[in-house]
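Chain residues, written in single-letter form:
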Amino acid sequence: MPGKLKVKIVAGRHLPVMDRASDLTDAFVEVKFGNTTFKTDVYLKSLNPQWNSEWFKFEVDDEDLQDEPLQITVLDHDTYSANDAIGKVYIDIDPLLYSEAATVISGWFPIYDTIHGIRGEINVVVKVDLFNDLNRFRQSSCGVKFFCTTSIPKCYRAVIIHGFVEELVVNEDPEYQWIDRIRTPRASNEARQRLISLMSGELQRKIGLKVLEMRGNAVVGYLQCFDLEGESGLVVRAIGTACTLDKLSSPAAFLPACNSPSKEMKESPLVHPPSHGCRSTHNSPIHTATGSRLTQNFSVSVPTLIYTGMGSGSAGKEGGPFKALLRQQTQSALEQREFPFFTLTAFPPGFLVHVGGVVSARSVKLLDRIHNPDEPETRDAWWAEIRQEIKSHAKALGCHAVVGYSESTSICEEVCILSASGTAAVLNPRFLQDGTVEGCLEQRLEENLPAGCGFCHIPYDELNMPFPAHLTYCYNCRKQKVPDVLFTTIDLPMDAAVIGKGCLIQARLCRLKKKAQAEANATAISNLLPFMEYEVHTQLMNKLKLKGMNALFGLRIQISVGENMLMGLASATGVYLAALPTPGGIQIAGKTPNDGSYEQHISHMQKKINDTIAKNKELYEINPPEISEEIIGSPIPEPRQRSRLLRSQSESSDEVTELDLSHGKKDAFVLEIDDTDAMEDVHSLLTDVPPPSGFYSCNTEIMPGINNWTSEIQMFTSVRVIRLSSLNLTNQALNKNFNDLCENLLKSLYFKLRSMIPCCLCHVNFTVSLPEDELIQVTVTAVAITFDKNQALQTTKTHAEKSLQRASTDNEELLQFPLELCSDALPSHPFPPAKAVTVEKASPVGEGNFRNRSSPPCANSTVGVVKMTPLSFIPGAKITKYLGIINMFFIRETTSLREEGGVSGFLHAFIAEVFAMVRAHVAALGGNAVVSYIMKQCVFMENPNKNQAQCLINVSGDAVVFVRESELEVVSTQQPAANCQPSCTGGEVTT
């Protein structure tokens, strides 16, 4: 399909001085697309050139429009020597290829250089004339919309959810090519950025082709990742959920108010899918590794293989025939369809029937060099193995689908850990089969799925459970069986019955390993993984009990590999589900000689644990109603049956039956203390400091139990890097350092956000990596949202500030420089070493001026700032249009690290520049916000001896147009205009 790309270079401003004699610049611009290059005239002696060029026209195929970025290079003209590069701009053309998208890209773009950062701005206008082509053999996927959000996009309704799409492309990494030894760092970085842009466009086009084969028109929950495999090559992979979406045109169909964002799902119900199923997106054969430890897969149907049944949905006494009918309908729907994976974490009403629990798989692989980039069968086969593991675990739980599915990797030298996880689920058959289910059947099915608890009912057979479980009758409907605890990777369903508020629960773990090479290293990692997985889930279970809660949502477990250690970090949001039984608490048991002082110590710790549980219940307002004993039902399985089930998990089933864990309604979770590590585990339970008064935190989009949100939001990104001492490193010392790092990071965030009390930190996304030997890097992105609270805010703030001043260990360090400053006025003095926090403030602020903290956000200011949030919605506003995805990759390198403020100053400035470039691209599309923003990668490397550092950042999100609810009545009859043009550094940065 032929197309015509037209580009006009208008002007530049704030260019750097390139001619030292005149303190000016002789600037001109090269515009390149594919193999065609145009140049503007040289504008002599000016830092603010006005080119006003003619329209540069490129006649290309739409396939090239999707693969290639528009490359704009600004240079300084030299008569007697080579022209000096000022910087570049890469513009993705894909947003112009949608029928509903913007028709022009026009605005000021920051000119970015990988060595010096942002060096001025350039005004560019881009248009595309596209001629539709109905050729069935075409290789383009124009018209397929991509969304990063993991729920059905606002202002759309899903007609069909087709299923899972995946693809990956491979190539050689320019950083490791032979020519890299003789070219400049700038040339090497730019070659890498350009290659990644090309691979990203090609990958998106191939995903779109698969969606068109399914007769879909959109990809929701699109997740694209880069695997930097060093000398082995570069892999770009993506997964998503193929859908057919319909645009909701009337303003009345847009989102409801922000104080009930979950209810917006009701505006986007699904319709029944057509006859065609989800076509297989994997053509490579599956190679199962046997006999080789380095390719051995480690996988679990987490974590309650040992602890409890993490399920939901069982054939109870009532509703049994309907459940059988449901299974029959589901089975017939799956006969023509591949096993469905869904990257969505939030769903319309009625989509989820039952939740089985978390299923995950991990595999250790040795990397080999990519010989043929056009045939990535090896990597395809690796992921096929992992997905097959996930399928088998889901089927063992009596489920036919996996929702909230994600994939990740951790790479260190030649070893790669592949990880995949999701939530096994049973879906409503009317969304999975031809046409419509008969009305009477559909009505009877839905009548037998109680609201608020149906998803909690176990889907597996109670008599043939895949693991030992303590089941009771549902505390809500009293009809079906439920487990005593539930782990999931999805957001809390909007109709779930919750008591009290939720909270962020984290498990952190470090384990040393010997330095080794190749197969020996992979073997050591493979041996460690099962124990790490077990310990991480033990921590999660203990902390969940300590909070007095019974379910985890949004569970995300990362295993990162380094040269001499492995690190595990699990984050989730704990809640108390009314349908599940009350947690019985934690009981300490010891197997040591009778010692009065020891028994006294155990008694003291038991009292502290009981007091902590009581305080947590009061803090999170967990007050479940009392339920009489006779209606609770189903005790733990008989000892003989239970021993048989546990034999594969324990060396001796006799030891298991020695412990009487059943005490009716007051079952206790027993922690046995038989060594030093067990005692330290108990101590670590009590060291987690709760957030200060007025603060709440969660890693899901919405904090359970809070509904009265306001429109004040503030996004922040924080990066901390610490270097460990190589002397006397032990597992205990590593765990303490890692715990302190994460706790201090949270404390500093609470301190800096104290003016927003009462507020909640939502969508808290922690990422841990080990970029170098003895170096730990933790990155966190979240958004703080305020809410109304019926108490005196001043008293709360004062109390919180006092508690923060007592708790925070680095307050003096934090107060060394101003709390708020504009990103274009970065302080010249050094920042505290190895720490950087960048905060995006919703309210606009003028360039170079400080904002009065007491002044409220001004939504109607003439200075427009593109808002950024990791949420899929904007509190107090309605999204009226999606303009396309923003998927950007940046490299920044410096040879003067100390002069730029050390690690903290370097990272702070780089993240602020990333914010500015994202905002500029969104504003050029006509948007005024980025939702579902995520920093998927932040790889930092330094060489302190040479005063050098390098950082790679990959960010993505959905560019949107939103309208404030107060303005919606005015603009409901016209398209809202978004003419905001931020400065080159954009918005506001707080440290």
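Predicted model, so just to flag it, every value in this text is computed and none were measured.

> Teacher, can you tell me more about the overall build of the chain here?
Within the chain one finds 15 helices and 35 strands. Buried positions account for 61% of the 991 residues belonging to the chain. A sequence separation of at least 24 residues applies to 80% of the contacts in the chain between residues at least 6 apart. Surface summary for the chain: the accessible area is close to 39100 Å², and the carbon and sulfur share equals 48%.

> Any chance you could explain the pairing of strand E12 (residues 234–247) here in plain terms?
Remark: a regular strand shows side chains that alternate across the two faces of the sheet. When you tally the buried positions in E12, you get 12 out of 14 residues, the bulk of the element. Note that strand E10 (residues 156–171) and E12 share 14 bridges and pair antiparallel. Along E12, the bridge assignment pairs Leu 168 with Arg 237. In this structure, strand E11 (residues 218–228) lies alongside E12, joined through 9 bridges in antiparallel fashion. Counterpart to Phe 226 in the pairing with E12 is Val 236. Counting the residues between successive antiparallel strands, the hairpin from E11 to E12 contains 5 residues, one of them, Gly 230, with a positive phi of roughly 70 degrees.

> Whenever I open this one, the sheet that holds strand E34 (residues 948–964) confuses me. Can you help?
Sheets are built from strands paired through backbone hydrogen bonds, the pairs being either parallel or antiparallel. The strand order across the open sheet formed by 4 strands is E31-E33-E34-E32, and the pairing between neighbours is mixed. Across the chains shown, the open sheet's two edge strands, defined by having one partner strand only, are strand E31 (867–868) and strand E32 (877–894). As paired strands, E31 and strand E33 (residues 929–943) are joined by 2 bridges and run parallel to one another. Looking at E33, one finds that Lys 867 is bridged to Ala 929. This element, helix H2 (residues 185–213), spans E32 and E34 of the sheet and lies at about 145 degrees to E32.

> It is not clear to me how the packing of aromatic side chains should be interpreted in this structure. Could you clarify?
Aromatic rings in a pair are described by how distant their centres are and how their planes are angled relative to each other. Inspection of every chain in the model, using the stated rule, returns 20 aromatic pairs. Aromatic pair Phe 695 and Tyr 750: ring centres 5.0 Å apart, planes at 40 degrees, arrangement tilted. Note that Phe 695 is positioned in strand E25 (residues 695–697) and Tyr 750 in helix H11 (residues 731–752), a separation of 55 residues in sequence. Residue Phe 695 shares its accessibility class with Tyr 750, and that shared class is buried. With a centroid separation of 6.3 Å and 50 degrees between ring planes, the pair formed by Phe 906 and Phe 940 is classed as tilted. Taken together, the residues Phe 906 in helix H14 (residues 902–924) and Phe 940 in strand E33 connect sequence positions 34 residues apart. In this structure an aromatic cluster arises from ring pairing among Phe 33, Phe 38, Phe 56 and Phe 58. Over the ring of Trp 108 we find Arg 13, and its NZ or CZ is 4.0 Å from the ring centre.

> For this particular structure, what's the right way to read the side chain of Thr 786?
Here Thr 786 shows up in strand E28 (residues 775–787). Taking the relative accessible area as the measure of exposure, Thr 786 reaches 8% and is therefore buried. Every residue in contact with Thr 786, bar those within four places of it in the chain, is listed here: Trp 709, Thr 710, Glu 712, Met 756, Pro 758 and Cys 759.

> Please clarify how the confidence of the model for the chain should be interpreted in this entry.
Low pLDDT means the predicted coordinates in that region are not meant to be read closely. Looking at the chain as a whole, its pLDDT mean stands at 75, while 69% of the residues score no less than 70. The model gives residues 433–447 a pLDDT under 50, and that stretch makes 23 contacts with residues more than four places away or in other chains. Counting interchain partners and residues more than four positions distant, the pLDDT-below-50 stretch residues 791–834 has 87 contacts.

> Looking at this model, I keep getting lost on the sheet that holds strand E22 (residues 565–575). Mind explaining?
Across the sheet, 4 strands lie side by side as E19-E21-E22-E20; this open sheet has mixed pairing. The sheet is open, and its two borders are formed by strand E19 (486–487) and strand E20 (503–512), each paired with just one other strand. Its contacts with the sheet place helix H6 (residues 518–546) against E19, E20, strand E21 (551–561) and E22, and it is angled at close to 150 degrees to E20. Where H11 meets the sheet, its contacts fall on E20 and E22, and the angle it forms with E20 comes to roughly 150 degrees.

> What is the right way to look at the pattern of salt bridges in this model?
A side chain of one charge can pair with a side chain of the opposite charge if their charged atoms are brought near each other. Per the stated rule, a full pass over the model turns up 30 salt bridges. Put simply, Arg 379 and Glu 229 hold a salt bridge, and the shortest N to O gap is 2.5 Å. Residue Arg 379 is located in helix H4 (residues 377–396), and its partner Glu 229 is located in the loop between E11 and E12; the two are separated by 150 residues in the primary sequence. One salt-bridge network, held together by shared partners, links Glu 63, Asp 67 and Arg 205.

> Whenever I open this one, the side chain of Gln 558 confuses me. Can you help?
Tracing the backbone shows Gln 558 in strand E21. Overall, the relative accessible area of 10% leaves Gln 558 in the buried class. Of the polar contacts made by the side chain of Gln 558, one reaches the backbone nitrogen of Val 768; its length is 3.3 Å.

> I'm lost on H2 in this one. Help?
The first and last C-alpha atoms of H2 sit 42 Å apart over 29 residues, in line with the 42 Å expected at 1.5 Å per residue. Positive phi shows up at Arg 215, right after H2, with a value of about 65 degrees.

> Where do I start with the environment of Val 124 in this structure?
Mapping Val 124 onto the fold places it in strand E8 (residues 117–130). For the pair Val 124 and Asn 52, spaced 72 residues apart in sequence, the C-alpha to C-alpha distance is 9.7 Å. When sequence neighbours within four positions are dropped, the list of residues in contact with Val 124 reads Val 7, Lys 8, Ile 9, Ile 72, Ile 91, Ile 105, Ser 106, Gly 107 and Phe 109.

> Mind showing me how you'd approach unusual backbone geometry here?
For the peptide bond that leads from Ile 757 to Pro 758, omega is -5 degrees, which places it in the cis range. Summarising the element assignment, Pro 758 is placed in the loop between H11 and strand E27 (759–769). Positive phi outside glycine occurs at Asn 52, with the angle close to 45 degrees. Here Asn 52 lies in the loop between strand E3 (36–39) and strand E4 (56–61).

> Can you help me understand the environment of His 457 in this one?
Mapped onto the secondary structure, His 457 falls in the loop between helix H5 (439–447) and strand E17 (471–473). Since its relative accessible area comes to 1%, His 457 is described here as buried. Separated by 3.3 Å, the side chain of His 457 and the backbone oxygen of Cys 453 make a polar contact.

> Where do I start with the nonpolar core in this structure?
Leu 5, Ile 9, Leu 70, Ile 91, Ile 93, Ile 122 and Val 126 are the most contacted members of the largest nonpolar core, which has 70 residues in total. Counting residues per element, this core draws most heavily on H14, at 13 residues. Excluding anything up to four places from it in sequence, Ile 122 contacts Ile 9, Ala 11, Gly 12, Val 29, Trp 51, Ile 72, Val 74, Val 89, Gly 107, Trp 108, Phe 109 and Ile 111. Counting residues in each nonpolar core, the second largest holds 46 residues, with Val 415, Cys 503, Val 536 and Trp 709 among its members.

> Please clarify how H4 should be interpreted in this entry.
Residues that lie three or four places apart on an α-helix share one face, since the helix turns once every 3.6 residues. Taking 1.5 Å as the rise per residue, H4 with 20 residues should run 28 Å; its terminal C-alpha atoms sit 29 Å apart, in good agreement. One or two residues past the end of H4 sits Gly 398, with phi positive at roughly 75 degrees.

> What is the right way to read the state of the cysteines from this model?
Among covalent bonds in proteins, the disulfide is the one between the sulfur atoms of two cysteines. Following the criterion strictly, the structure yields 0 disulfides and no others. Of the cysteine sulfurs around Cys 951, a residue in no disulfide, the closest is that of Cys 938, at 4.0 Å.

Cut-offs and rules
- Residues numbered from 1 in each chain as written.
- Predicted model: local features only at pLDDT ≥ 70, side-chain atom pairs only at ≥ 80, totals over all residues.
- Heavy atoms only, no water.
- Helix = DSSP H or I, 4+ residues; strand = E, 2+ residues; numbered from the N terminus.
- Buried < 20%, exposed > 50% of the residue type's maximum accessible area, 1.4 Å probe, protein only.
- Contact = heavy atoms within 4.5 Å.
- Areas by Shrake-Rupley, 256 points an atom, 1.4 Å probe, with all protein chains shown as cover.
- Pairing = 2+ DSSP bridges.
- Axes fitted to C-alpha atoms, helices over the stretch in contact; angles between N-to-C directions.
- Phe/Tyr/Trp six-rings, centres within 6.5 Å; stacked < 30°, edge-to-face > 60°.
- Lys NZ or Arg CZ within 6 Å of the ring centre and 35° of its normal.
- pLDDT = per-residue confidence, 0-100.
- Salt bridge = Lys/Arg side-chain N within 4 Å of Asp/Glu carboxyl O.
- Polar contact = N/O pair within 3.5 Å; in protein donor to acceptor, adjacent residues only side chain to side chain.
- Expected span 1.5 Å × (residues − 1).
- Core = buried A, V, L, I, M, F, W, Y, C linked by side-chain atoms within 4.5 Å.
- Disulfide = S-S within 2.5 Å.

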